[in-house]
Amino acid sequence: MKHFTSVNDVNDLNKWVSEALKIKSDPLGFVDIGGQKTMGLVFLNPSLRTRMSTQKAAMNLGMNTMVINMDKEGWRLEMNDDVIMDGYTVEHIKEAAAVLGQYCDILGLRCFPNLKDKQEDYSEDILNKFIKYCGVPVVSLESATRHPLQSFADLITIKEHATKSKPKVVLTWAPHVKPLPQAVSNSFSEWMVKAQELNMVDFVITHPEGYELAEEFTKGAKITHNQNEALKDADFVYVKNWSSYSNYGEILTDGKGWMMDNEKLKLTDNAKVMHCLPVRRGLELGNDILDGKNSLVIHEAANRVYAAQTVLKKLIEGNKL
Ligand SMILES: NCCC[C@H](NC(=O)CCC(=O)O)C(=O)O
Ligand SMILES: NC(=O)OP(=O)(O)O
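Residues numbered from 1 in each chain as written. Chains lettered and ligands numbered in written order. Predicted model: local features only at pLDDT ≥ 70, side-chain atom pairs only at ≥ 80, totals over all residues. Heavy atoms only, no water.

## Some thoughts on the site of ligand 1
The condition that has to hold: Whether a residue is near a molecule or strand depends on its heavy atoms: if one lies within 4 Å, it is near. Pairs of N or O atoms within 3.5 Å make up the polar contacts considered here, provided that, within protein, one atom can donate a hydrogen while the other can accept it, and that residues adjacent in sequence are counted only when both atoms are side-chain atoms. Each accessible area is a Shrake-Rupley estimate made with a 1.4 Å probe; only the visible protein chains count as cover when residues are assessed. Three categories are distinguished: nonpolar for Ala, Val, Leu, Ile, Met, Phe, Trp, Tyr, Cys and Pro, charged for Asp, Glu, Lys and Arg, and polar for the others, with Gly belonging to the last. Domain boundaries shown here were taken from an automatic or database domain assignment.
Around ligand 1 sit Arg-110, Phe-112, Glu-142, His-147, His-176, Lys-178, Leu-180, Pro-181, Lys-240, Cys-276, Leu-277 and Arg-280, and that is every residue in its neighbourhood. Within the contact set of ligand 1, an oxygen atom lies 3.0 Å away from a side-chain nitrogen or oxygen of His-176. The contact in question runs from an oxygen atom of ligand 1 to an N or O atom on the side chain of Lys-240, over 2.7 Å. Its free accessible area being 430 Å², ligand 1 has 85% of it covered by the protein chains. A per-class count over the shell around ligand 1 returns five nonpolar, two polar and five charged. Mapping the shell around ligand 1 onto the domain boundaries places at least three of its residues in each of domain 1 (7–146 + 304–318) and domain 2 (150–300).

## Side note on helix α1 (residues 13–25)
Where we set the bar: Put simply, DSSP marks the helices as runs of H or I at least four residues long and the strands as runs of E at least two long, and each gets a number from the N terminus on. The span expected for a helix works out to 1.5 Å for each residue beyond the first. Only protein chains enter the calculation, and the probe is 1.4 Å; a residue is then buried if its accessible area is under 20% of its type maximum, exposed if over 50%, and partly exposed in between. Here the arc refers to the set of directions running from the helix axis out to each C-beta atom. We call two residues in contact whenever any of their non-hydrogen atoms come within 4.5 Å of each other.
Taking 1.5 Å per residue, 13 residues should reach 18 Å; α1 reaches 19 Å between its end C-alpha atoms and fits that length. For α1, the set of buried residues is Leu-13, Trp-16, Val-17, Ala-20 and Ile-23. An end-on view of α1 places all buried positions within 120° of arc, on one side of the element. Summarising the geometry of α1, the exposed residues directed more than 90 degrees from the buried face are Lys-15, Lys-22 and Ser-25. Each element contacted by the buried residues of α1 is listed here: α7 (148–161), α8 (183–197) and α13 (297–318).

## Remarks on unusual backbone geometry
With an omega dihedral of 5°, the bond running from Leu-277 to Pro-278 counts as a cis peptide bond. As for its position among the elements, Pro-278 is in the loop between β11 (272–274) and α12 (287–290). The residue Leu-115 is not glycine, and still its phi comes out positive at about 60°. Take Leu-115: it is sitting in the loop between β5 (106–110) and α5 (118–122). Positive phi, normally seen in glycine, also occurs at Lys-320, with a value near 50°. Looking at the secondary structure, you find Lys-320 in the segment after α13.

See the structure below:
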């Protein structure tokens, strides 16, 4: 594995989860493999969990870490080729990425979509250019269309808390006031579809009409607009808002009635409830759930460390850093 940008970089999902759980049982067990190499974390958007958990993962492996919040502290980047840079952009991605590659042995990049131009977002233009020009292994810290470290942590969390060999996992759309990326949901779906192929889960997606995700991420999932039907006998409910993919980046409904709360939990098999965070209380998820014993949100956040540590360990070993 040269880079980690999606589930397609995972050769054996079962083995990766087992390895992550082994690392979790002894987080400093591989503290020598990082050899003081440098992990650079580049943020074009805000973050709490990804920033802290990936730094912690790198430190647990004996790496040094450097963080730059490019959106606030860096020069404004130009992504387009063959432009005369006489406007607001100061530095081209070609130079910026190449320079970062001089200082770091592995680079992480967070780059959200603009939610205006579907083709541009779904081409993963920024991530791909960054990979092309930096010359070192790259880890996606959430890109325009995916959030693989989150999905890996989610799968680890499901495996840890499952009481059945093939639990029913439901991804449910939730209301929000802002148009949000599809990245977390695309990615979760992509990982669950793969897990379903391996008989690890039974996967269902539910959302209002018009919120269909791109088929490349959902092929193999059961999809229904009937949330109550989807929730029936669920073991895990993954709650997330996303904006429309077909009416790109738009909010199509206020989503009244879609918020997951204890009343809806009654439809499930005492399901555990998941969310990647940050979560809008009382809008996406009820306080009753977040403050109750069925919530796994803090466990998911904790597992971000072990997901990242597994990925970094594989990159160090695979690239002989
Ligand atoms: N990294 C986890 C989620 C990040 C982002 N959420 C947000 O932007 C929430 C913003 C807000 O609630 O105002 C998303 O959905 O992709
Ligand atoms: N879940 C997640 O990626 O959180 P941050 O955006 O805070 O990193």
